[in-house]
Amino acid sequence: MNQKEKDLDEILKEIVNEISITPTMLDKAITSYEAVGTWLGEGIKYDVKIFPQGSMNLGTTNKPITDKDDYDVDLVCLLENGKELKAREIKHIVGDRLKEHKIYREKILEEGEGKRCWKMQYDEFHMDILPCVPSHIYKEPDITEIRLTHKKDSYYEDRYSNPTGYRKWFEECMEKTLQIFKAAYAIENKMEITDVPIYRIKTPLQMAIQLLKRHRDIYFQKDDENAPISVIITTLAAKAYIGEASVYETLVNVLSKMSTFIEIRNGVYWIQNPVMPLENFADKWQECPQKKIAFENWIQKAREDFITNPLNLVGIDKIGDSFKKSLGEAPVKRALNNCADKKRNARDNKELYSTGLLTGIATQKIAGATLIKGHTFFGK
């Protein structure tokens, strides 16, 4: 990367820091779902295993765009020895136990029963608990398919999923960079690499997905029915990722290749679940073709906002204004202030270099760069 691309990478990383849920928010969510797991486990005769799924499990959860919204905490509640249970039983064994708890009952009554989950509203997030049983044998890490329920009117029918298998596949897509980031986190926090959960770190792929999801949320604010679902963005980005070391390079690569992983099978658009080949993440595109058109229009706009415009614009103010429109005013403003503070500190510590009018300034010495002297103020 040239210096301008490195500067863009630093800005994008700072934006990710601003749109990510904080460690305190993450700890609160974990404490809350562990408490739910304890309550369920103590009152259900089946062996209960509860764990996160979706963006919480992959480390790609964003803060909501506004303070009026909240973020998702999606949980799996697996009844490990309940394989013979019928669909309705699976759903209501978990729901009935939750309703025995006064606080959980009030939260469920407020939110209502979802098609697949029991929904509970917290201050900063809402928790969706997915009751399920093993589809066949459940043995991590290799045999992890689950059977869940889907409520249609008053009828409960079986559906299938594999969130643990998906997380494993996602980790394999960024295996080398993942190990580097896990090792750094393990050293800093004095723990074993194998004990570092993926949601505690930020690889270039995770950061790129967070930025794409935020861009989608801004772009589709007035047309959210056609917005591509998160699992489509995550799957296509992960398939396109080839181990880039920076979030900027990752965005350049995945935005150029994501669409190439959309298949057409017998005239039907198909985005295959990598761990369940018969599942099509784009199944809604057939009945609503506008969703496919909206996806392609959004991809094109994302290429402009992340790559074309920033490279053509001159000056941090203009680049910042461009990112504010596509990623949100407040987080981008804070990110730019953070970048400016870092450069100011580097200059004061005599670690800031000028690289010329075309590429700007850097916090490390490179060929042709000259040291920028720190300010010295005289007088009272």
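Residues numbered from 1 in each chain as written. Predicted model: local features only at pLDDT ≥ 70, side-chain atom pairs only at ≥ 80, totals over all residues. Heavy atoms only, no water.

So, the pattern of salt bridges
Worth spelling out the cut-off: Salt bridge, as applied in this entry: a Lys or Arg side-chain nitrogen positioned within 4 Å of an Asp or Glu carboxyl oxygen.
Per the counting criterion, the structure on display carries 20 salt bridges. A salt bridge links Arg 216 to Asp 217; its shortest N-O distance comes to 3.0 Å. Counted as one network, the salt bridges with shared partners bring together Asp 9, Glu 10 and Lys 13.

A short note on the nonpolar core
Stated precisely, the cut-off is as follows: For this analysis, a nonpolar core means a set of buried residues of the types Ala, Val, Leu, Ile, Met, Phe, Trp, Tyr and Cys, connected via side-chain atoms within 4.5 Å. A simple rule labels every residue: compare its accessible area, found with a 1.4 Å probe on the protein chains alone, to the largest value its type can have, and call it buried under 20%, exposed over 50%, or partly exposed in between. Each helix corresponds to a stretch of at least 4 residues labelled H or I by DSSP, and each strand to a stretch of at least 2 residues labelled E; elements are numbered beginning at the N terminus.
Residues Leu 12, Ile 15, Phe 170, Leu 211, Leu 212, Phe 306 and Phe 323 are the most contacted members of the largest nonpolar core, which totals 58 residues. At 7 residues, the largest contribution of residues to this core is made by helix H12 (residues 290-312). Grouped together as the second largest cluster of nonpolar side chains are 30 residues, Val 94, Ile 108, Met 120 and Val 133 included.

Quick word on the confidence of the model for the chain
The condition is simple: How sure the predictor is of each residue is captured by pLDDT, a score from 0 to 100. The contact criterion used throughout is that any non-hydrogen atoms of two residues lie within 4.5 Å.
Averaged over all residues, the pLDDT of the chain equals 91, while 92% of them reach at least 70. Contacts for the low-pLDDT stretch residues 353-362, under 50 throughout, to residues beyond four places or in other chains number 33 contacts. A low-confidence stretch, residues 364-380 (pLDDT under 50), is modelled with 25 contacts involving residues beyond four sequence positions or located in other chains.

Describing the environment of Ala 340
Tracing the backbone through its elements, the reader meets Ala 340 in helix H14 (residues 329-348). Through-space distance from the C-alpha of Ala 340 to that of Thr 203 is 23 Å; in sequence the pair is 137 residues apart.

As for the packing of aromatic side chains
Note the cut-off: Aromatic rings from Phe, Tyr and Trp, with only the six-membered ring used for Trp, were paired whenever their centres fell within 6.5 Å, and each pair was classed as stacked if the ring planes differed by under 30 degrees, edge-to-face if by over 60, and tilted otherwise. Note on criteria: charge over ring means Lys NZ or Arg CZ within 6 Å of the ring centre, with the direction from the centre no more than 35 degrees off the ring normal.
For the coordinates displayed, the defined rule picks out 8 aromatic pairs. In this structure an aromatic cluster arises from ring pairing among Tyr 269, Trp 285, Phe 295 and Trp 298. If you follow Lys 107 out to its NZ or CZ, it ends over the ring of Tyr 122, 4.1 Å from the centre.

Regarding the environment of Glu 225
With respect to the helices, strands and loops of the structure, Glu 225 is situated in the loop between helix H8 (204-219) and helix H9 (230-240). The class for Glu 225 is exposed, based on a relative accessible area of 65%. Linking Glu 225 and Lys 291, residues 66 residues apart in sequence, is a C-alpha distance of 8.3 Å.

Remarks on the pairing of strand S4 (residues 125-134)
Note the following rule: Pairing between two strands is assigned when DSSP locates at least 2 bridges connecting them.
Counting buried positions along S4 yields 10 of 10 residues, so the element is predominantly enclosed. Note: strand S2 (residues 71-79) against S4, 8 bridges, orientation parallel. Paired with Leu 75 across the bridge in S4 is Ile 129. With 4 bridges joining them, strand S3 (residues 118-121) and S4 adopt antiparallel strand pairing. Bridging across to S4, Lys 119 finds its partner in Asp 128.

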